[in-house]
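As a plain string of letters, each chain reads:
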Amino acid sequence: MRRERIMRWVLGITAIVASIIIFILPFAFIVVQAMKTRQEASELSFSWPTELAFVDNFIEVITQRDFIVARAFVNSTVLTVVSVSFLVIIAAMVGYVMQRRASRIRTVANFFVLAGLIVPPAVVPTVWVLQGVGLFGTLPGLILIEITFGLAFSILLFRAFVSTIPRSLDEAAIIDGASPFRIFFGVILPLMKPTVVTVIVVQSVQIFNDFANPLYFLPGDDNATVQLTLYNFQSQSSNQWNLLFMDILLITIPPLVMYIFFNRQIVAGMTSGAVKG
Amino acid sequence: MTTATTGVRAGRARKVRTLGTARHAYPLWFYLPAAVLFLVFFAIPTFASFYFSLTRWTLFDQEFIGLENYIQFFREPQLYQSFINTLIYGFVTSGMKVVIGLALAVLLTSALVGRNYLRSVIFFPVLVSTIGVGIMFNALLDPFDGVVNGALETLGITGPGWLTNPDIALLTIAGIDVWKGLGIAVLIYIAGLVAIPTEYYEAAKVDGASKWAVFKSITLPLVKPATGTVIILSLIGGLRSFDLIWATTGGGPGFSSDVIGSVIYKQYQAGFYGLSTAGNVVLFLVVTAIMVPISLMLNKREVEQ
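Predicted model, so just to flag it, every value in this text is computed and none were measured.

1. Quick look at the packing of aromatic side chains
All names here are of chain B. In the structure shown here, the tally under the stated rule is 43 aromatic pairs over all chains. Pairing Trp29 with Phe30 gives two aromatic rings, centres 4.7 Å apart and planes at 70 degrees, and the pair type is edge-to-face. When its relative accessible area of 43% is taken as the criterion, Trp29 is described as partly exposed.

Structure, rendered in structure tokens:
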């Protein structure tokens, strides 16, 4: 018994030390570099800054090139909020009908959900379609793309969750003469809150951090997203490590806040959907 | 006899009516918004890609050239290399996520000091953007100024050029990918492990089974659904990967860390839209050829259980 307790401590402390080296130090590195002056940061050493330039770096990143980072923050926020709002409603509608009603359409929909999970999007033809509908290089165009690419995974999560909602609830609403619209938005959607939270968190982090889709579908500086500005920033000014790391620090804050707030729900929702569904 | 038939008939009529109302409650038009988006922005481009991959294409003009793009893809060594690299990258990242993810999940579901801290810290890299992670590791792994090689030097080891040596660049990126994505694998495994009924472990304890025996004959088989999920998610992600490779090496040095995803982008950037789309079709075929049998196999196992 005593040996086991010692083992537990030894293992735990080893794991904590390893985690500090492998996971904490790289992030500490980001923070330390973001505090340094340009010259000190360019040494890339892991030393404490002799001169704190945290606020200066922050202001410089934000105001640089006509506030492009600030504008990118607005773009990324709009992109994320709008995409995720529609994604939740559209995917929940499909997940609900798919779980409740057997039909030939369901077979087809099932196939497309699986295809959507597996098949890599054909990017250049998608550019061509976006040009055809006049939305290439626009924020609304990218929003539609992000919704489409997020559908399959979200539908799977919703569908798995609807199966845990008893049918008698729908039936009660039907007997009360509620319209399908009412039943869905008034009864079902509020009950799906845990999955709604999971989808919101997972997809927000995904879309906010997305790089490849903005790169292809939203080129140009005018409506760049934060990931694009960070990437362009890297290729233009490789010596300004202090600003680069400040930028990374800034754009990591929104996903981090989301995670801290919804930590428990995200774990619960992910596991119920990912392992059983 | 007659009463029986009317009874059946009435029953059927009632059934039809309730079915009717049930249908009314689950209208098919709920599929509509998703279907339109999926059709326009996913299905049409996918089908169109088969045709455009057979053309010399400028987005406005296309000339049918048959299989030329594919021949070029598999004949040019640097393009062909990307095909091999994609497979290596996909299987290395996925395999490492399964092994390390399961090991860490077993550790983190046991009674351990600092368990909650460890769980959150492993998940943290998932939240940082791939571009941010790429820039960070570019700095950390710099062959001359980088902290990693600096630390190795104090131990008397000369560290390699992690991202600048063509022999190891791809594997280094795979390592970074595992570092970043491990949190999700661990999370899925923890969920799978927690779902295993504790009675099995108690019975094994009574029988005096060794820890390894318990792991091999209880944990491993019962955590299979989670393994399936981890394999599927990480393989799909690994085979399609582009962001991290683009942010760390851009496919270099030379073409040593190019994958199909980065070739698609390079050809797109250079204006070779037909060739880029052919790369996409190759990726499509690779992913489908690998994923369909694997997911069928994993599903079958689940049914047998």
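2. Some words on the interface of chain B and chain A
Each partner contributes residues to the interface: chain B has 79 residues there, and chain A has 89 residues. Interface of chain B and chain A: buried area, both sides summed, is about 8000 Å²; carbon and sulfur atoms make up 79% of it. Summed over the shared surface of chain B and chain A, the result is zero salt bridges. Counting across the interface, chain B meets chain A through eleven residue pairs in polar contact (both at pLDDT 80 or more). Here the side of chain B that touches chain A takes 13 residues from helix 2 (residues 32-52) of chain B, the largest share from any one element. Of the residues that constitute the side of chain B that touches chain A, the class distribution is 60 nonpolar, 14 polar and five charged.

3. Here we look at the nonpolar core
Within soluble globular proteins, side chains that are nonpolar tend to cluster in buried spots. With 167 residues, the main nonpolar core has A:Tyr96, A:Phe184, A:Met192 and A:Phe245 as its most contacted residues. Discounting residues that sit within four places of it in the chain, A:Phe245 has contacts with A:Phe29, A:Ile30, A:Gln33, A:Ala34, B:Met136 and B:Ala139.

4. So, the layout of surface pockets
By volume, the second largest pocket is sized at about 1300 Å³. Lining of the second largest pocket is provided by 26 residues; of these, B:Ser110, B:Ala111, B:Tyr201, B:Lys211 and B:Val214 occupy positions nearest its centre. Among the secondary structure elements, those contributing two or more residues to the lining of the second largest pocket are helix 1 (2-35) of chain A together with helix 4 (77-109), helix 8 (169-194), helix 9 (198-207) and helix 10 (211-222) of chain B. Class assignment for the residues of the lining of the second largest pocket results in 15 nonpolar, five polar and six charged.

5. A word on empty space enclosed by the protein
It is the rolling of a water-molecule-sized probe over the atoms that shows where space remains empty. Residues and elements named next belong to chain A. Enumeration according to the criterion identifies three cavities of 30 Å³ or more in this entry. Taken together, Gln64, Arg65, Ile68, Val69, Asp221, Thr229, Asn232, Phe233, Gln236 and Asp247 form the lining of the largest cavity. Counting only elements with at least two residues in the lining of the largest cavity, the list comes to helix 3 (54-100) and helix 11 (226-236). Grouping the amino acids of the lining of the largest cavity by side-chain chemistry returns three nonpolar, four polar and three charged.

Analysis parameters
- Residues numbered from 1 in each chain as written.
- Chains lettered and ligands numbered in written order.
- Predicted model: local features only at pLDDT ≥ 70, side-chain atom pairs only at ≥ 80, totals over all residues.
- Heavy atoms only, no water.
- Phe/Tyr/Trp six-rings, centres within 6.5 Å; stacked < 30°, edge-to-face > 60°.
- Buried < 20%, exposed > 50% of the residue type's maximum accessible area, 1.4 Å probe, protein only.
- Contact = heavy atoms within 4.5 Å.
- Buried area = accessible area lost by both parts, 1.4 Å probe.
- Salt bridge = Lys/Arg side-chain N within 4 Å of Asp/Glu carboxyl O.
- Polar contact = N/O pair within 3.5 Å; in protein donor to acceptor, adjacent residues only side chain to side chain.
- Helix = DSSP H or I, 4+ residues; strand = E, 2+ residues; numbered from the N terminus.
- Nonpolar A, V, L, I, M, F, W, Y, C, P; charged D, E, K, R; others polar.
- Core = buried A, V, L, I, M, F, W, Y, C linked by side-chain atoms within 4.5 Å.
- 1 Å grid on protein atoms, 1.4 Å probe; cavity = no way out; pocket = protein on both sides within 12 Å on 5 of 7 lines; lining within 4 Å.
- Points joined across faces, edges and corners; volume = space filled by probe spheres on them.

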